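The primary structure of each chain is shown beneath.
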Amino acid sequence: MRCARILLAASLVCLTLVPLGAVDARADEEAKAAVKKVSLATIVVKNDYPEEASLMLFGETRPMLRELIERLDAAAKDDKLSGVVLRLRSPQIGLAKAGEVRSAIARVRSSGKKVYADVHSIDSLRDYLVASACDEIIMPESGSLTIPGVEAQVIFFKGLFDKLGIAADFIQIGDFKGASEPFTRTSMSPEFRQQYEAVIDDYYEYLAATIAEDRQLDVESVKKLIDQGLFTAAAAREAKLIDRIAYEAQWNAELTKALGADEIAWKKSYGKKQDALALGGMGGMMKFMEMLMGGDSSKTSSKNDKVAVVYIVGPIMTGESSMSLFGGSTVGSDTIVRALQQAKNDTKVKGIVLRVDSPGGSALASDLIWREVVTCEKPIVASMGDVAASGGYYVSMGAKKIFVEPGTLTGSIGVVGGKLALGGLFDKIGVSTETISRGKNAGAYSLTEGFTDSQREVIKSLMLDIYTQFTSKAAEGRQMDVEKLESLAGGRLYSGRMAVANGLADKLGTLDDAVAEVKSLAGVASDQKIDVQVLPKPKSIFEQLFGDSSIEAEVRALAPELVEAARMTATLRKLFTEPAITLMPHVVRIR
């Protein structure tokens, strides 16, 4: 009997404990459900974002512009996110690229999500242009804001050349074609100054109007703020240039409250592709080997139609494209022609976008690319980046439509040619030469002497013929009278807005807008899913590390601070072995 009572008691205890445990579990779940969480994505923006993939010295890779845009677009479509925090860390994005980023930010905001700019300091109007596109700008109290206006700085080398005994002998077709002025003058010609003043004026008006709209200020007030230029965080908030002064922990708490949440779930480095070079273990090794050889096992074949985006980034030369480990690249006409032919022959490719970010280069190389563009039966649209001038405009002018950003620098329809004669330098350093030649103009490209009158006459005649080809083909492509086109040529430069106004470009828009235009021209429904194929196929790390690069060989041993100047010099030296160059000034810095 006693055992029966004990068993019964035990059973009653068990029956009592089970429901109590279930009640506790439900209570915990209800308590957790009562905690409202919101998800915010964080994206660090801190590079110059090249158009194409590039490998830096020691294997470091830089994120591309389209990767940043893709991350923002992914955030716009992510229903789990309530907003995005952009951590702007002196990104050094060009003016046209800033427009692309602004458009992507606008798409995030249009999806109903807030975008916050987390800035420590801002030191240029270009950086501020990105920040002002966001819903809020947040800065610590020790931060500063610098919006000093816009300037174009030109570096002139004639004084140095005179000291060294180097004679710059150049011929230019078009009064405004100032590509050779940094080598032949010590200051701007009136024509050179006039065109850059017009471009800088337009950039200034665009920036002031855009900031005024973003910050709900009037344009004249913004211009006064630009004249002041430098602001502490407190002064910037008082001037309504930023919204919030707080350290990170403070504004995290403030955002949590503003979003009506109890907790923020941070999605750090949202959408960032993991760099294989930073991966460890066997998986990292396998991924690294794939990148070395140019493969990617994560990609699968698709049955979707495609739009090919052909990147033309850097100075244009004949032959194959090349890339430096220091980040520079040159565009080879053979490489681009082959890429265009690949897109033409691919039945899945319904149209092509030329993404151009180039100051120009060889007239011959530019013409070879142009010919491939105008003979293509598939629709081709040009999308211009920061710079698409001279040869960069040449390769674009055969497209059905040309899209530009307000910050694009384009035009410069003109021709220049010449050389640097080193005879005086050789004399100074004790180097002597002897020459045996036959033919009146045999020494036209002598390393030591300038042009004779006969040589100059022959070269100028050739350049005039190329200039006529340039202007007539541009007039045909733009469906414009030759006389009107010539009034816009002569080497004149334009901002994107100016180019749309005068007919050298069609629309203001992003790369995405250009892709949409190609779909429309090809008869593809706007809501039909398509794949974007990047051409030429990016080189593998192996090809970049060990491929043949004549420019790289010349700059490899230089100190890092001299690399850009050395690369520019090497590029110009190679370019000016050709008789005619369609190139805008390489040594103009717009800030």
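Values in this document were obtained by computation on a predicted structure and should not be read as measured data.

Participant: Even after reading the chapter, I still don't get the overall build of the protein chain, so can you show me in this structure?
Facilitator: Along its length, the protein chain carries 22 helices and 28 strands. The buried share among the 591 residues of the protein chain stands at 50%. Residue pairs in contact within the protein chain that sit at least 24 positions apart in sequence constitute 75% of those at least 6 positions apart. In the structure as shown, the protein chain presents an accessible area of about 28,700 Å², 53% of it carried by carbon and sulfur atoms.

Participant: How should I be thinking about helix 12 (residues 333–345) in this particular structure?
Facilitator: Note: α-helices contain 3.6 residues per turn, so residues at a spacing of three or four share the same orientation. Relative to the 18 Å expected for 13 residues at 1.5 Å per residue, helix 12 spans 18 Å between its end C-alpha atoms, a close match to the ideal helical length. Listing the buried residues of helix 12 in full gives S333, T335, I336, V337, A339, L340 and A343. Residues of helix 12 that are buried make contact with strand 14 (306–313), strand 15 (316–317), strand 17 (329–332), strand 18 (349–358), helix 13 (363–374) and strand 26 (531–535).

Participant: Even after reading the chapter, I still don't get the pairing of strand 7 (residues 136–139), so can you show me in this structure?
Facilitator: Strand residues, when the strand is regular, have side chains that alternate between the two faces of the sheet. Here strand 7 shows two buried faces, one formed by E136 and I138 and the other by I137 and M139. The sheet contact formed by strand 5 (residues 114–119) and strand 7 spans 3 bridges and is parallel. By the bridge assignment for strand 7, D118 is matched with I138.

Participant: Looking at this structure, I do not really get the nonpolar core. What am I missing?
Facilitator: Side chains that are nonpolar tend, in soluble globular proteins, to be buried together. Core analysis: the biggest nonpolar cluster contains 117 residues, and L86 and I352 have the highest contact counts within it. Considering every element that reaches this core, the biggest residue donor is helix 7 (residues 190–215), with 10 residues. With residues up to four places along the chain from it excluded, the contact list for I352 reads A308, V310, L340, A343, C376, P379, I380, V381 and V518. Y311, V313, L511 and V524 belong to the second-largest nonpolar core, a separate cluster that totals 13 residues.

Participant: When you look at unusual backbone geometry in this model, what are you seeing that I'm missing?
Facilitator: Phi is mostly negative for residues that are not glycine, and the peptide bonds are mostly trans. For the bond running from L535 to P536, omega is -10°, close enough to zero to count as cis. Considering the arrangement of structural elements, one finds P536 in the loop between strand 26 and helix 20 (541–546). The phi torsion at Y49 lies on the positive side, around 50°, for a residue other than glycine. Tracing the backbone shows Y49 in the loop between strand 1 (37–45) and strand 2 (54–55). Taking the relative accessible area as the measure of exposure, Y49 reaches 3% and is therefore buried. Of note in the backbone geometry, S90 takes a positive phi value of approximately 50° without being a glycine. Note on placement: S90 falls in the loop between strand 4 (83–88) and helix 3 (95–110).

Participant: So what exactly am I meant to see when it comes to the sheet that holds strand 11 (residues 230–232) here?
Facilitator: Strands pair in a sheet through their backbones, by hydrogen bonds, and they do so in one of two ways: parallel or antiparallel. Taken in spatial order, the 3 strands line up as 6-8-11 in an open sheet, and their pairing is mixed. The open sheet is flanked by strand 6 (121–122) and strand 11, the only strands paired with a single partner. As paired elements, strand 6 and strand 8 (residues 144–146) share 2 bridges and run parallel to each other. By the bridge assignment for strand 8, I122 is matched with L145.

Participant: Would you mind showing me how to read the packing of aromatic side chains here?
Facilitator: Applying the stated rule across the entire model yields 8 aromatic pairs. A ring pair is formed by F157 and F161, whose centres lie 6.2 Å apart and whose planes are at 20°; its orientation type is stacked. Residue F161 is classed as buried on the basis of its relative accessible area, which comes to 10%. Relative to W266, the ring of W251 lies with its centre 6.3 Å away and its plane at 80°, an arrangement referred to as edge-to-face. Taken together, the residues span a long stretch of sequence, with W251 in helix 10 (residues 248–258) and W266 in strand 13 (residues 263–267) at a distance of 15 residues. Through pairs of rings, three or more aromatic residues link up here, namely F157, F161, F170 and F183.

Participant: Mind showing me how you'd approach the environment of W370 here?
Facilitator: Looking at the secondary structure, you find W370 in helix 13. In sequence terms W370 and G398 are 28 residues apart; their C-alpha atoms lie 6.3 Å from each other. Apart from the residues within four sequence positions on either side, W370 is in contact with Y394, M397, G398 and K473.

Participant: Help me out: how do you make sense of the side chain of D357 in this one?
Facilitator: The residue D357 is located in strand 18 in this model. Of the side chains with opposite charge, K97 comes closest to the buried, unpaired D357, at an N-O distance of 4.2 Å. A distance of 3.2 Å separates the side chain of D357 from the backbone nitrogen of V387, its partner in a polar contact. Setting aside its immediate chain neighbours within four residues, D357 contacts E51, K97, I312, V313, G314, D386 and V387.

Participant: How do you make sense of the sheet that holds strand 5 when you look at a structure like this?
Facilitator: Sheet architecture is open: 6 strands sit in the order 12-7-5-4-1-13, paired in parallel fashion. Sheet topology places strand 12 (244–245) and strand 13 at the edges, where each strand pairs with a single neighbour. Pairing of strand 1 with strand 4, which is carried by 6 bridges, proceeds in the parallel orientation. Within strand 4, the position partnered with T42 by the bridge is V85. Where helix 2 (residues 65–77) meets the sheet, its contacts fall on strand 1 and strand 4, and the angle it forms with strand 1 comes to roughly 170°. Packed on one face of the sheet, helix 10 meets strand 1, strand 4, strand 5, strand 7, strand 12 and strand 13 and runs near 115° to strand 13.

What counts, and at which threshold
Residues numbered from 1 in each chain as written. Predicted model: local features only at pLDDT ≥ 70, side-chain atom pairs only at ≥ 80, totals over all residues. Heavy atoms only, no water. Helix = DSSP H or I, 4+ residues; strand = E, 2+ residues; numbered from the N terminus. Buried < 20%, exposed > 50% of the residue type's maximum accessible area, 1.4 Å probe, protein only. Contact = heavy atoms within 4.5 Å. Areas by Shrake-Rupley, 256 points an atom, 1.4 Å probe, with all protein chains shown as cover. Expected span 1.5 Å × (residues − 1). Pairing = 2+ DSSP bridges. Core = buried A, V, L, I, M, F, W, Y, C linked by side-chain atoms within 4.5 Å. Phe/Tyr/Trp six-rings, centres within 6.5 Å; stacked < 30°, edge-to-face > 60°. Lys, Arg positive; Asp, Glu negative; His and termini not counted. Salt bridge = Lys/Arg side-chain N within 4 Å of Asp/Glu carboxyl O. Polar contact = N/O pair within 3.5 Å; in protein donor to acceptor, adjacent residues only side chain to side chain. Axes fitted to C-alpha atoms, helices over the stretch in contact; angles between N-to-C directions.

Coordinates in, geometry out; function isn't part of it.
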